[in-house]
Amino acid sequence: SQRIDFSENYILDLPGTVTQYWSSLGKATRKTIKTYGNKLQRDFPDFSCKPGEALFGSRAITYALVQGLGLLLACMATFFITTAQGSAHEQARAAVFITMVLGNLAMILVSRSNHTGLLSLLAKPNPAQWWLVGASLVALVLVVGVPWLAESFSFGMPDLAQIGVALLAALA
């Protein structure tokens, strides 16, 4: 086998504007981007992929910050409630981790569209979403439930009441 070490910096000249970049693309590439962009727009009306348009507007960033702050408060509430019940910090840490994972999964599900109801979103086929949810839940159960994995994360096995607190906080 041959090994090549690169120690030089490479500088690429990028077009100055989105329009210049768009013009530099080949005709087939522009057509493909437009075709799939239109399909995305039809399937997800909230999604915008127009050249020159900001990917994240101030409204989207504000919404994400509010969601993140809400999840942070839910995690803090989980920690304080479980420790107030006399739980060890390891159990409280595991309950907070459950809250964090389930809360993030909930945010993914509800953030798919601002105009479509949750039930209709869940009914719409989205294999990638279900793979993500399934893999996350399996990983969560393994990390919290398998003793040597839980120990590597300094988690204690939470009881049903602590799991209930974590579940309620994540979905609040």
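Residues numbered from 1 in each chain as written. Predicted model: local features only at pLDDT ≥ 70, side-chain atom pairs only at ≥ 80, totals over all residues. Heavy atoms only, no water.

Section: the overall build of the protein chain
Scanning the protein chain from N- to C-terminus turns up 8 helices and 0 strands. Along its sequence from the N terminus, the protein chain presents helices and strands in the succession α-α-α-α-α-α-α-α. When burial is assessed residue by residue, the protein chain has 24% of its 172 residues classed as buried. Contacts in the protein chain between residues at least 24 apart in sequence constitute 62% of all its contacts with a sequence separation of at least 6. (Helix = DSSP H or I, 4+ residues; strand = E, 2+ residues; numbered from the N terminus. Buried < 20%, exposed > 50% of the residue type's maximum accessible area, 1.4 Å probe, protein only. Contact = heavy atoms within 4.5 Å.)

Things to note about the environment of Ala-170
With respect to the element layout, Ala-170 can be found in helix H8 (residues 160–171). Note on Ala-170: relative accessible area 7%, which makes it buried. Separated by 95 residues in the primary sequence, Ala-170 and Cys-75 have C-alpha atoms spaced 7.8 Å apart. Not counting residues within four places of it along the chain, the set of residues in contact with Ala-170 comprises Thr-99, Leu-102, Gly-103 and Ala-106.

Regarding helix H3 (residues 58–84)
The end-to-end C-alpha distance of H3 is 38 Å, a good match for the 39 Å that 27 residues give at a rise of 1.5 Å each. The set of residues buried in H3 consists of Gln-67, Leu-71, Ala-74, Cys-75, Thr-78 and Thr-82. Where the residues of H3 are buried, they touch helix H4 (89–110) and H8. Taken from the residues just after H3, Gly-86 is the one with a positive phi, measuring 90°. (Expected span 1.5 Å × (residues − 1).)

Overview of the side chain of Gln-67
Note that Gln-67 resides in helix H3. Among all residues touching Gln-67, those that are not within four sequence positions of it are Met-107, Val-110 and Ser-111.

A few points about the packing of aromatic side chains
Summed over all chains, the structure comprises 4 aromatic pairs. Where Phe-79 meets Phe-80, the ring centres are 5.9 Å apart and the plane angle is 70°; that geometry is what we call edge-to-face. Overall, Phe-79 belongs to the partly exposed group, its relative accessible area being 27%. Judged by centre distance (5.6 Å) and plane angle (20°), the ring pair of Phe-153 and Phe-155 falls under stacked. A relative accessible area of 41% places Phe-153 in the partly exposed class. Residue class for Phe-155 comes out buried when judged on its relative accessible area of 10%. An aromatic cluster of three or more residues is present, and its members are Phe-97, Phe-153 and Phe-155. (Phe/Tyr/Trp six-rings, centres within 6.5 Å; stacked < 30°, edge-to-face > 60°.)

A closer look at the confidence of the model for the protein chain
Mean pLDDT for the protein chain: 85, with 86% of residues reaching 70 or above. Mean pLDDT across the elements of the protein chain bottoms out in helix H5 (residues 118–123) (71) and peaks in helix H7 (residues 147–152) (94). (pLDDT = per-residue confidence, 0-100.)

Some points on the nonpolar core
Counting 15 residues, the largest nonpolar core has Ile-98, Leu-102, Leu-140, Val-144 and Phe-155 as the members making the most contacts within it. Contributions of two or more residues to this core are made by H4, helix H6 (127–145) and H8. Examining the composition of this core, we find that 7 residues originate from one element, H4, more than from any other. In this view, Leu-102 contacts Leu-137, Leu-140, Leu-167 and Ala-170; residues no more than four positions away in its chain are not counted. (Core = buried A, V, L, I, M, F, W, Y, C linked by side-chain atoms within 4.5 Å.)

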